[in-house]
Amino acid sequence: MNNPVEKLIKEAAAARDMAYAPYSKFRVGAAIITRDGRYYTGCNIENASYSLTCCAERVALFKAVSGGERDFEAIAVTAGTEEYCTPCGACRQALAEFGSEIKVFMSNKHGDYLVRTVAELLPAVFKLDTPDQAPANQNT
Ligand code: THU
């Protein structure tokens with residue numbers, strides 16, 4: 001297997017086997033690759049307090065970042081469905097923190113994919129232009 005995209009998608013599919021999704025039963029896997037070729041994988045991790053659920057993409061990204069990585073080439077995501085699995089808005093924003101040119105491979109169960117950059121997926125990204133601290137109830 002020497003196609004790097006195929007390998008990234010296979011890593012995502014393997015990570016999906018670890019999904020903890022007892023509530024939605026919707027299992028997702030992701031794999032992110034750094035510019036110098038290191039892989040980190042993630043699966044979705046749900047919680048009885050539903051809003052605490054973390055998506056596969058963010059698990060992979062946060063594992064990588066906590067391992068000291070900052071430069072990413074691409075991420076693949078799959079839910080093992082007929083549809084291409086696209087990252088949610090929160091994951092798009094989380095990825096954008098580390099680069100708008102990261103490629104996102106959105107795969108289906110057959111290993112077919114759509115690819116877009118983070119900038120394409122999140123055109124009006126939130127950026128923190130730290131304001132001077134204003135007093136309460138004042139926006140200026
Ligand atoms: N989920 C992901 O892990 N990634 C996505 O891109 C979309 C949604 C998870 C969150 C939740 O565990 C389940 O899929 C259903 O929303």
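Everything below is about the structure shown above.
Below or above, wherever it landed, is the structure these notes cover. Computed from a prediction, not measured in an experiment: that's the story for all the values here. (Residues numbered from 1 in each chain as written. Predicted model: local features only at pLDDT ≥ 70, side-chain atom pairs only at ≥ 80, totals over all residues. Heavy atoms only, no water.)

As enumerated under the stated definition, the model contains three aromatic pairs in all. With a centroid separation of 5.2 Å and 80° between ring planes, the pair formed by Phe105 and Tyr113 is classed as edge-to-face. By relative accessible area, Tyr113 is classed as partly exposed at 38%. Just above the ring of Tyr39 sits the side chain of Lys7; from NZ or CZ to the centre is 4.6 Å. (Phe/Tyr/Trp six-rings, centres within 6.5 Å; stacked < 30°, edge-to-face > 60°. Buried < 20%, exposed > 50% of the residue type's maximum accessible area, 1.4 Å probe, protein only. Lys NZ or Arg CZ within 6 Å of the ring centre and 35° of its normal.)

Even without being a glycine, Lys25 presents a positive backbone phi close to 60°. With respect to the helices, strands and loops of the structure, Lys25 is situated in the loop between α1 (4-16) and β1 (29-34). On the accessibility criterion, Lys25 (64% relative accessible area) is exposed. (Helix = DSSP H or I, 4+ residues; strand = E, 2+ residues; numbered from the N terminus.)

We now examine the site of the ligand. Taken together, Ser24, Phe26, Val28, Asn44, Glu46, Thr53, Cys55, Ala56, Glu57, Thr86, Pro87 and Cys88 make up all the residues around the ligand. Within the backbone of Ala56, a nitrogen or oxygen atom sits 2.9 Å from an oxygen atom of the ligand. Thr86 is positioned such that a nitrogen or oxygen atom in its backbone is 3.3 Å from an oxygen atom of the ligand. For the ligand, the accessible surface in isolation is 380 Å², of which the surrounding protein chains cover 78%. (Near = heavy atom within 4 Å. Polar contact = N/O pair within 3.5 Å; in protein donor to acceptor, adjacent residues only side chain to side chain. Areas by Shrake-Rupley, 256 points an atom, 1.4 Å probe, with all protein chains shown as cover.)

A separate point is helix α2 (residues 56-66). Taken across its 11 residues, α2 has eight buried, putting it largely inside the fold. Of the residues making up α2, those classed as buried are Ala56, Glu57, Arg58, Val59, Ala60, Leu61, Ala64 and Val65. Buried residues belonging to α2 abut β1, β2 (39-43), β3 (72-78) and α3 (89-96). Of the residues one or two after α2, Gly68 is the one with positive phi, at around 100°. (Contact = heavy atoms within 4.5 Å.)

Below, the discussion takes up the sheet that holds β2. If you trace the five strands from one edge of the open sheet to the other, you get β2-β1-β3-β4-β5, paired in mixed fashion. With partners counted over all chains shown, the strands left at the sheet margins are β2 and β5 (113-117), one partner each. Taking each pair of neighbouring strands and ignoring which way they run, the sheet shows an average axis angle of 15°. As defined by bridge partners, β3 adjoins strand β4 (residues 103-107) across five bridges and the pair is classed as parallel. Of the residues in β4, the one forming a bridge with Ala74 is Lys103. In the packing of α2 onto the sheet, contacts are made with β1, β2 and β3, and the angle to β2 comes to roughly 140°. (Pairing = 2+ DSSP bridges. Axes fitted to C-alpha atoms, helices over the stretch in contact; angles between N-to-C directions.)

Summed over all chains, the structure comprises seven salt bridges. Close ionic contact of Glu6 with Lys10 constitutes a salt bridge, the shortest N to O distance being 3.8 Å. Of this pair, Glu6 and Lys10 are both found in helix α1, four residues apart, which corresponds to roughly one turn of the helix. Lys10 gets classed as partly exposed once you look at its relative accessible area, which sits at 47%. Two residues, Arg38 and Asp36, come together in a salt bridge whose shortest N-O distance is 3.4 Å. Note on Asp36: relative accessible area 55%, which makes it exposed. (Salt bridge = Lys/Arg side-chain N within 4 Å of Asp/Glu carboxyl O.)

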